[in-house]
Amino acid sequence: MSDAGRWTSGRRRLVLVAAAGMLLAACGDEELPQNTFDPQGPVSRQLDDLIKPVGIIAGVVFVLVMTLVIYSAVRFRRRSEDEAPVQVHGNAKAELAWTVAPAVVLAVVGVFTVGTVFEINEVPAGPDVLEVTVTGHQWWWEYEYPGAGVTTANEMHIPVGRKVAVKLLSDDVVHSFWPPKLAGKVDVIPNRVNNMVIEAEKPGIYYGQCAEFCGLSHANMKLRVVAQSQADFDAWLASNARPARLPDAELDPEAAAGAALFRARGCASCHTVKGYAAGTVGPDLTHLQQRETFAGSMFDLDEKNLRRWLRDPPAEKPGSLMPDLDLSEDDISSLIAYLDTLE
Ligand code: CUA
């Protein structure tokens, strides 16, 4: 290898070590919203209780094997050109030991892993269990609360301390639902129902995202789980079950104009606004203002972001199925005035 080549490979190694360091540091930081090692619910705690001991066992095995490899390489290295190693024909005891020891380790790890897999895959039932149907779309999440007549997007509300039986469906391709502080990840597969259980111990906002490559905006398919007290959750559910009220043309002419545009420009054929529009392609917007984000939780819900979004959605979110509608700035203002009424 030339000097230049050696320098490049040395530098590459340095970069790799630095990157690995940052990656590992990221896994342990309590402040990180998607820290897998910071369980906040019984399901994620169960996974954590499995992965930590298994990680420790794997670490011990790794250190042991690497130490033996390095020790043997140094201790038994060839010291001169004409030196030959002692020739042996196997060692029954050693071979038995390094076959049985890993088998025992794997059996122990396997027993706990399989046990956990069965436990977390059990679909809970009963009056205390909340059912939510989650549908993955390119590139946003839809949440339905069966029996409550509530459909929302990207931000899923759940009551604290109650098991939530999540039914996972896909409208198009394979996605994966992953709120790391509350549960593991479960694939969301077209023409198949998958189940997962989530539960939060404390109120708060738990972040997550799609964890299976699903096209151009896979990285923009984020999600939030909003855990609330039972009373707050009940209030949220009741308020989201209401239909939208249509803006009054005399009291709020701009919003009323926006509502008309919402139909005239085709928004209504993709979006539902309960009582006014029944599209099923895009997110239900009936209570948009109760959400903090939009477009797959990519943007904070505010006027500036909505304006940018409505000018040209695919420019803001690559591949967005919502097309550029070529809206004038006045049309955008009216539409935003209407969206503001969707509380
Ligand atoms: Cu949906 Cu990645």
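Residues numbered from 1 in each chain as written. Predicted model: local features only at pLDDT ≥ 70, side-chain atom pairs only at ≥ 80, totals over all residues. Heavy atoms only, no water.

What about a nonpolar patch on the surface?
- A cluster of nonpolar side chains, Ile-57, Val-61, Phe-62, Val-63, Leu-64, Val-65, Met-66, Leu-68, Val-69, Ile-70, Val-74 and Val-105, forms an exposed patch at the surface whose accessible area comes to about 1,000 Å².
- Element by element, the count of residues in the nonpolar patch is highest for helix H2 (residues 42-75), at 11 residues.
- Within the element layout of this structure, Val-105 appears in helix H3 (residues 92-121).
- Overall, the relative accessible area of 32% leaves Val-105 in the partly exposed class. (Patch = residues over 30% accessible without salt bridge, like charges linked within 9 Å, V, L, I, M, F, W, Y side chains within 5 Å. Areas by Shrake-Rupley, 256 points an atom, 1.4 Å probe, with all protein chains shown as cover. Salt bridge = Lys/Arg side-chain N within 4 Å of Asp/Glu carboxyl O. Helix = DSSP H or I, 4+ residues; strand = E, 2+ residues; numbered from the N terminus. Buried < 20%, exposed > 50% of the residue type's maximum accessible area, 1.4 Å probe, protein only.)

A few points about the pairing of strand E2 (residues 140-145)
- Of all six residues in E2, five are buried; the element is thus mostly enclosed.
- Across five bridges, the pairing between strand E1 (residues 130-137) and E2 is antiparallel. Looking at E2, one finds that Val-134 is bridged to Tyr-143.
- Counting the residues between successive antiparallel strands, the hairpin from E1 to E2 contains two residues.
- Pairing analysis gives four bridges linking E2 to strand E3 (residues 150-153), with the strands arranged antiparallel. Each residue of the ladder has a partner; that of Glu-144, found in E3, is Thr-151.
- The antiparallel pairing of E2 with E3 creates a hairpin that spans four residues between the two strands, and Gly-147 there sits at a positive phi of about 90 degrees. (Pairing = 2+ DSSP bridges.)

Quick look at the confidence of the model for the chain
- Put simply, the chain has an average pLDDT of 91, and 91% of its residues get 70 or more.
- Least confident of the elements in the chain is helix H1 (residues 3-28), whose mean pLDDT is 60; most confident is strand E6 (residues 175-177), at 98. (pLDDT = per-residue confidence, 0-100.)

A look at H3
- In this model H3 runs 43 Å from its N-terminal to its C-terminal C-alpha over 30 residues, within 8% of the 44 Å that 1.5 Å per residue would give.
- Two or three places before Lys-93, at the start of H3, stands the capping residue Asn-91, its side-chain oxygen 3.1 Å from that residue's backbone nitrogen. (Expected span 1.5 Å × (residues − 1). Polar contact = N/O pair within 3.5 Å; in protein donor to acceptor, adjacent residues only side chain to side chain.)

Notes on the sheet that holds strand E8 (residues 194-198)
- Reading across the sheet, the five strands line up as E3-E2-E1-E5-E8 and stay open at both edges, with mixed pairing between neighbours. Every interior strand has two partners, whereas the edge strands, E3 and E8, have only one. Strand-to-strand twist across the sheet, computed as the mean angle between neighbouring axes with direction ignored, equals 25 degrees.
- Two strands pair when backbone bridges link them, and strand E5 (residues 164-170) and E8 are joined in this way by five bridges, in the antiparallel orientation. Bridge pairing in E8 links Val-166 to Met-196. (Axes fitted to C-alpha atoms, helices over the stretch in contact; angles between N-to-C directions.)

Regarding H2
- With 34 residues, H2 ought to run about 50 Å at 1.5 Å a step, and its terminal C-alpha atoms sit 49 Å apart, in line with that.
- Looking at H2, one finds that the buried residues are Val-43, Ser-44, Asp-48 and Leu-50.
- If you follow the buried residues of H2, they end up packed against H3 and E8. (Contact = heavy atoms within 4.5 Å.)

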